[in-house]
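Listed below are the residues making up each chain.
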Amino acid sequence: MGQAYWINILTRALILGLVAMSLNLIMGYGGMVSLGHAAYFGVGGYCVALIAFHTAQAIPILGWTGSNEALVVWPIAMLFTGLLAFLLGILCLRTQGVYFIMITLAFCQMLFFIVISLKYYGGDDGLIMNQRNLFAGRPLNDPATLYYVCFVILLAAFAVLSKLTASSFGRALQASKINPRRTLSLGIPVKQVQLTAFVIAGVLAGLGGALWVNQMRIASPDMLSWVRSGEFIMMVILGGLGSHLGAIAGAIVLVILETWLAGMTEHWMLLLGAILVLTVLFIKKGLFVRLAGRV
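Reference entry: report on the structure contained in this document.

Conventions adopted
- Residues numbered from 1 in each chain as written.
- Predicted model: local features only at pLDDT ≥ 70, side-chain atom pairs only at ≥ 80, totals over all residues.
- Heavy atoms only, no water.
- Core = buried A, V, L, I, M, F, W, Y, C linked by side-chain atoms within 4.5 Å.
- Buried < 20%, exposed > 50% of the residue type's maximum accessible area, 1.4 Å probe, protein only.
- Contact = heavy atoms within 4.5 Å.
- Helix = DSSP H or I, 4+ residues; strand = E, 2+ residues; numbered from the N terminus.
- Expected span 1.5 Å × (residues − 1).
- Bend = angle between axes of the 7 residues up to and from the residue.
- Salt bridge = Lys/Arg side-chain N within 4 Å of Asp/Glu carboxyl O.
- Axes fitted to C-alpha atoms, helices over the stretch in contact; angles between N-to-C directions.
- Parallel < 35°, antiparallel > 145°, perpendicular 65-115°, else oblique.
- Left-handed = near helix turned anticlockwise from the far one by under 90°.
- Polar contact = N/O pair within 3.5 Å; in protein donor to acceptor, adjacent residues only side chain to side chain.
- Patch = residues over 30% accessible without salt bridge, like charges linked within 9 Å, V, L, I, M, F, W, Y side chains within 5 Å.
- Areas by Shrake-Rupley, 256 points an atom, 1.4 Å probe, with all protein chains shown as cover.
- Phe/Tyr/Trp six-rings, centres within 6.5 Å; stacked < 30°, edge-to-face > 60°.

**Concerning the nonpolar core**
The nonpolar side chains of a soluble globular protein tend to be buried with one another.
Move 1: Core analysis: the largest hydrophobic core is formed by 88 residues, its most contacted members being L16, L18, M21, W74, L224 and F232.
Move 2: In this structure, L18 is in contact with I153, L154, A157, L204, L207, G208 and L211, ignoring residues within four places of it in sequence.

**Focus on helix α1 (residues 4–29)**
Move 1: Across its 26 residues, α1 extends 36 Å between first and last C-alpha, which sits within 8% of the 38 Å expected from 1.5 Å per residue.
Move 2: Largest kink in α1: about 35°, centred on L23.
Move 3: Taking burial as the measure, the 26 residues of α1 include 19 buried ones, the bulk of the element.
Move 4: In the stretch just after α1, G31 is the one whose phi turns positive, near 70°.

**Examining the environment of L238**
Move 1: In this structure, L238 sits in helix α9 (residues 226–239).
Move 2: Put simply, L238 and V213 are 25 residues apart on the chain and 25 Å apart in space, counted from C-alpha to C-alpha.
Move 3: Setting aside residues up to four positions removed in sequence, L238 forms contacts with G250, V253, L254, L276, T279, G286, L287 and F288.

**Focus on the pattern of salt bridges**
If the charged atoms of two oppositely charged side chains come close together, the side chains can form a pair.
Move 1: Evaluation of the coordinates by the stated rule reveals 3 salt bridges.
Move 2: Across the pair R12 and E258 runs a salt bridge, and its minimum N-O distance is 3.1 Å. With R12 in helix α1 and E258 in helix α10 (residues 244–264), this pair connects stretches of sequence that are 246 residues apart.
Move 3: For D222, the salt bridge identified is with R228, shortest N-O distance 3.1 Å.
Move 4: When salt bridges that share partners are traced, they join D222, R228 and E231 into one network.

**Overview of the packing of helix α2 (residues 38–57) against helix α4 (residues 97–117)**
Move 1: For the pair α2 and α4, the least separation of the axes is 9 Å and the interaxial angle reads 30°. When the interaxial angle is binned, α2 and α4 end up roughly parallel. The hand of the α2/α4 crossing is left-handed. Residues A38, A39, V43 and Y46 of α2 pack against C108, L111 and V115 of α4.

**A word on the side chain of N133**
Move 1: Mapped onto the elements of the fold, N133 is located in the loop between β1 (127–128) and β2 (134–135).
Move 2: In this structure N133 comes out as buried when scored by relative accessible area, which is 0%.
Move 3: At 3.0 Å, the side chain of N133 forms a polar contact with the side chain of N68.
Move 4: Setting aside its immediate chain neighbours within four residues, N133 contacts V48, N68, A70, W74, R138, P139, L140 and N214.

**Details of a nonpolar patch on the surface**
Move 1: Taken together, L83, F86, L87, I90 and L91 make up a surface patch of nonpolar side chains, about 440 Å² in accessible area.
Move 2: One can find L91 in helix α3 (residues 70–92).

**Thoughts on the packing of aromatic side chains**
Aromatic ring pairs are described here by two measures, namely the spacing of the ring centres and the angle between the planes.
Move 1: With the rule as written, the count across this model stands at 12 aromatic pairs.
Move 2: Look at F53 and Y121: their rings are 5.6 Å apart centre to centre, the planes differ by 85°, and that puts the pair in the edge-to-face class. One end of the pair, F53, is in helix α2; the other, Y121, is in the loop between α4 and β1, with 68 residues separating them in the sequence. Take F53 and Y121: they sit in the same class, and that class is buried.
Move 3: Judged by centre distance (5.2 Å) and plane angle (75°), the ring pair of F112 and F113 falls under edge-to-face.

**A word on the packing of helix α6 (residues 168–178) against helix α8 (residues 190–216)**
Move 1: One way to put it is that α6 packs onto α8 with a least axis distance of 10 Å and a crossing angle of 110°. In terms of orientation, α6 lies roughly perpendicular with respect to α8. Where α6 crosses over α8, the two elements pack in a sense that is left-handed. Listed contacts from α8 to F169, A172, L173 and S176 of α6 are V190, V193, Q194, T196 and A197.

Below, the structure is given as structure tokens:
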């Protein structure tokens, strides 16, 4: 179409689709409803922004001079969010149901206020990136280049998660959602399976945060807010629980709805809320699970 505006909108939708798909792994397949998924999204983004800040200022990090290469920086963000998800998962998975929801929310809010307190790195105002990362030496300043990078990453993540959930691990994860006691009695280590899924979801959400910061050119505290976690949950529910394509489609629909309604009225959130309520009430399996079946 030759419209840079829509390239940016769809890039944003692809990034959020990646994060929604990661949440769907633990929520749709594992039955773990997390209100703290934005923690990994935000931490992944801040990892990239902090490294970019130190690289631009020529201030070493633990003796490392830094890098602007995405193939170096993004894996670091994924490693860090994976470690964070592992540590939080050990604690959070000791609880179930509403207690699990509340403890994930609590940890997310703790990280949110920690980020706000880092005045050296922008505090409330966030941390601006002077330039986007390089991908294999190629700058990502062109919106179309960043779009295709996000598109390929999303396809790769979709392929990996599809294989994973169709494997014996995926069946064990779904069994732990349906009846954890019976699953444990069959000799399947339920907590280890759930923790593994929790870490994988955290790693993918961290990668989504790294991509988001590259598009927006700023890492801001709202990336770690519980409101952002709620948006991810809405995307999964809108598309359909337990559907990878549904999570991606839910993110795309939500972003387009936000953009379209915001252009119509300043009260767009009221209209969006009404649409989501109607979806939950009358299309309980989600828009795309109902239309296309489970994929």
